[in-house]
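# Commentary on secondary and tertiary structure
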Amino acid sequence: MEQTASVNTDPGHRSVTNGRCSQWRNWTGFWFLGLCNNFAYVVMLSAAHDILKKQESENGTAPTPPTVAVDFQGRNSSNSSRYDCNPVSTAAVLLADILPTLVIKLFAPFVIHNLPYGVRVLFCVIVAAASFLLVSLSTAVWISILGVIFASISAGLGELSFLSLTVFFTRDVLGGWGSGTGGAGVAGAFLYSGFTQIGLSPQITLLIMLVVPFAMLISYFILLVPPPSFPQWRSRTMEYTAVGSEERQRLVDDSDQEQQEKSTPADDRSTGPLTFTEKLHVSRGLLKFVFPLGLVYFAEYFINQGLMELLYFPNFFLSHAEQYRWYQTLYQVGVFVSRSSLCCVKIRKVWALSLLQVVNAVLLLFAVRYQFLPSAWLVFVIVLYEGLLGGAAYVNTFYFISKETEDRQREFAMAAASVGDSLGIALAGVAAFPIHRYFCSL
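These numbers were taken from a predicted model, which means no experiment stands behind them.

## Points about the packing of helix α6 (residues 173-197) against helix α13 (residues 320-339)
How two helices sit against one another is set out by the angle between their axes and by the gap between those axes. Two elements in contact, α6 and α13, have axes separated by 7 Å at closest approach and are oriented at 160°. In terms of axis orientation, α6 runs roughly antiparallel to α13. With respect to the hand of their crossing, α6 and α13 are arranged in left-handed fashion. Mapping the contact onto sequence places Gly175, Gly178, Ser179, Thr181, Gly182, Gly183, Gly185, Val186, Ala189, Phe190 and Ser193 in α6 and Arg325, Thr329, Gln332, Val333, Val335, Phe336 and Arg339 in α13.

## Points about unusual backbone geometry
A positive phi is found at Gln371, a non-glycine position, where the angle reads about 50°. Residue placement: Gln371 occurs in the loop between α14 (350-370) and α15 (376-404).

## Notes on the packing of α14 against helix α17 (residues 419-440)
At a closest axis distance of 11 Å, the pairing of α14 and α17 adopts a crossing angle of 20°. By the angle class used here, α14 and α17 are roughly parallel. Along this stretch, α14 crosses α17, giving a crossing that reads as right-handed. Taking contact as the criterion, the partners of Leu365, Val368 and Arg369 in α14 are, on α17, Ile435, Tyr438 and Phe439. In terms of residue class, the contact of α14 with α17 is built from five nonpolar, no polar and one charged.

## Focus on the nonpolar core
With 101 residues, the main nonpolar core has Leu165, Tyr220, Leu286 and Phe398 as its most contacted residues. Among the elements that take part in this core, α15 stands out by supplying 14 residues, more than any other.

## Some thoughts on the pattern of salt bridges
Per the stated rule, a full pass over the model turns up five salt bridges. One salt bridge connects Arg410 with Asp407, and the closest N-O pair in it is separated by 2.8 Å. On the criterion of helical spacing, the pair formed by Arg410 and Asp407 is a turn pair, its members being three residues apart in helix α16 (residues 407-417). With a relative accessible area of 62%, Asp407 lands in the exposed category. Three or more residues joined by partner-sharing salt bridges are found here, namely Lys105, Glu159 and Asp421.

## Description of the side chain of Ser154
Examined against the element boundaries, Ser154 turns out to sit in helix α5 (residues 141-165). On the basis of relative accessibility, which here comes to 3%, the residue Ser154 falls in the buried class. Once you skip the residues sitting within four places of it in the chain, Ser154 turns out to touch Asn37, Cys124, Val127 and Ala128.

## A few points about the packing of aromatic side chains
Going through the model one piece at a time under the given rule, you end up with 25 aromatic pairs. With a centroid separation of 6.5 Å and an interplanar angle of 50°, the aromatic rings of Phe162 and Tyr220 are classed as tilted. Placement of Phe162 in helix α5 and of Tyr220 in helix α8 (residues 211-223) is noted, with a sequence separation of 58 residues between them. Classification of Tyr220 as buried rests on a relative accessible area of 3%. When the ring of Phe317 is compared with that of Trp377, the centres are 6.1 Å apart and the planes differ by 35°; the resulting orientation is tilted. Highlighted residues: Phe317 in the loop between α12 (287-307) and α13 and Trp377 in helix α15, separated in sequence by 60 residues. Within the aromatic cluster, the residues linked to one another by ring pairs are Phe162, Trp177, Tyr220, Phe221 and Trp233. Sitting above the plane of the Tyr117 ring, Arg120 keeps its charged end 4.1 Å from the centroid. Directly above the ring of Tyr394 sits Arg339, whose terminal nitrogen or CZ lies 3.7 Å from the centroid.

## Some thoughts on α12
Across its 21 residues, α12 extends 28 Å between first and last C-alpha, which sits within 8% of the 30 Å expected from 1.5 Å per residue. With respect to burial, α12 is a largely interior element, 16 of its 21 residues being buried.

## Examining a nonpolar patch on the surface
Together, Val362, Leu363, Phe366, Tyr370 and Phe372 line one region of the surface with nonpolar side chains, adding up to about 480 Å² of accessible area. On the secondary structure map, Val362 appears in helix α14. The class for Val362 is partly exposed, based on a relative accessible area of 40%.

## Quick notes on the side chain of Thr166
Mapped onto the fold, Thr166 is located in the loop between α5 and α6. We classify Thr166 as buried; its relative accessible area is 4%. Only 2.5 Å separates the side chain of Thr166 from the backbone oxygen of Leu163, close enough to count as a polar contact. Excluding residues within four positions of it along the chain, Thr166 makes contact with Phe30, Val173, Leu174 and Met414.

Procedures and definitions
- Residues numbered from 1 in each chain as written.
- Predicted model: local features only at pLDDT ≥ 70, side-chain atom pairs only at ≥ 80, totals over all residues.
- Heavy atoms only, no water.
- Axes fitted to C-alpha atoms, helices over the stretch in contact; angles between N-to-C directions.
- Helix = DSSP H or I, 4+ residues; strand = E, 2+ residues; numbered from the N terminus.
- Parallel < 35°, antiparallel > 145°, perpendicular 65-115°, else oblique.
- Left-handed = near helix turned anticlockwise from the far one by under 90°.
- Contact = heavy atoms within 4.5 Å.
- Nonpolar A, V, L, I, M, F, W, Y, C, P; charged D, E, K, R; others polar.
- Core = buried A, V, L, I, M, F, W, Y, C linked by side-chain atoms within 4.5 Å.
- Buried < 20%, exposed > 50% of the residue type's maximum accessible area, 1.4 Å probe, protein only.
- Salt bridge = Lys/Arg side-chain N within 4 Å of Asp/Glu carboxyl O.
- Phe/Tyr/Trp six-rings, centres within 6.5 Å; stacked < 30°, edge-to-face > 60°.
- Lys NZ or Arg CZ within 6 Å of the ring centre and 35° of its normal.
- Expected span 1.5 Å × (residues − 1).
- Patch = residues over 30% accessible without salt bridge, like charges linked within 9 Å, V, L, I, M, F, W, Y side chains within 5 Å.
- Areas by Shrake-Rupley, 256 points an atom, 1.4 Å probe, with all protein chains shown as cover.
- Polar contact = N/O pair within 3.5 Å; in protein donor to acceptor, adjacent residues only side chain to side chain.

What follows is the structure, given as C-alpha cells:
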C-alpha cells in the first residue's frame, strides 16, 4: 500500500501539480503587475489636483486678484454658470497624465527590444516611486507636474512591456493583466478617497502608496515563474545574435559551405528580430484593432473628462463634488468587472463596442445641453455601463491580437497596439476643452 501511494504521487502527479501552481502564480503575478502599473496613473488624476490646490493656497501670501472660491459642498461660489463649472477643465490634469504615455507608446515599440525586461521593470519601479515622492513632497507647482509626468512614463513603459511579456506565458495571463489594470482604478479611487476621508493629508496618503512600486518588484521577480529561456537580463537583439551564432555553427558542422549560405538567410528571416520595414507592416495590420480601441477610449474619456463634471443635479442629496466622485468610482467598477470577464466571455467584434460607446457619448452630450435626464441615478447606471464597454474592448483587443498574430510578430504587436487607448484618451482630453468652455459660457 505504501509503495502504491508513493507511485501515485511520483513523478507525474508532482509535474501536473507544479504546472498548475506555476500557472496560478503567473496569473496572479500579472494581476498584481496590472494593478501596480496603473495605480499611480489613476491616483495622480485626483491627487495632483488636491496638492496643486493646496500649494496655490500656501503660495498665496501676497495680495492677489480675486480667484474663484470653492465652498465645502463642491460648488464654485463665484460661478454664475448653470453647470457649476470649475475655472479649468478636468481634462487639463488628464493631458498631463496621458501625453508622456502616448509618446512612449508611439516610439518605444520600435527600439524597446534593445532593453532587457529586468531593466525595464526596475526603471518603471524607480520612476513610479519618484512620482509619489515628487508630488507628495513638492513645494512648487512644476515639481508636482513633473511627478505626474513620471507616473505617466512609468505606466506607459510598463504597459507596453508587460503586454509584450505575456507572449512568454500561456495566453490566460492576459486575463490576469486585464483584471489587474481594472482593479487599479477601483483600488486607487477607494484607497485615496478613504485615506483622505479619515483625515490623512494627500501628501501622507501618497507616501503610504509607495508600497505599490515595491509590490510590483515582488510580483515580477518573485511571483512570476518565467520559462528557463526567458531573456531576463539580455536584450532580444543579443538573444537572437546568440541563437543565430549557434545555428550557423551547427550548419558548418553538418553541411558544406554552400548549403549554409542557402539555409542561413531563410532561417534568419523566420527567427531573427523584426526589421523596421517588417514592424511598419505589422503596425498597418494592427489598425483593425487599434482604431476601434482608440474610438472606444475617445468616447469614454470625452465623457469622463469633458461631460461628467457638467452632469450636475443641484437637488440631489449628493453635492457636486460627491456626484462627480461617484461617477468616476462607478466607471472604474465597470472597467474592473469587464476586464475580469475574459475567462467567461470573449468578444471578437470590438467595433460594436466602439459604436455603443459613441452612442453613450452623444446621449450624454445632449443630456448636458438640454438637461433632460431626471436624476443622477440614471447617470450612475450609464456610467457603469460605459466602464463595462471600455474594459471589454481593452481586454478583448489584446486577447485576439495575441491569438491571431504570428509568433515572431506577437511581442512587437502587443506593445505597438497599446497606443490605441492612449491616443483615444489624449484626443478626448483635447476635445474636452472647447466643450467645457462652451457650456460654462451659457
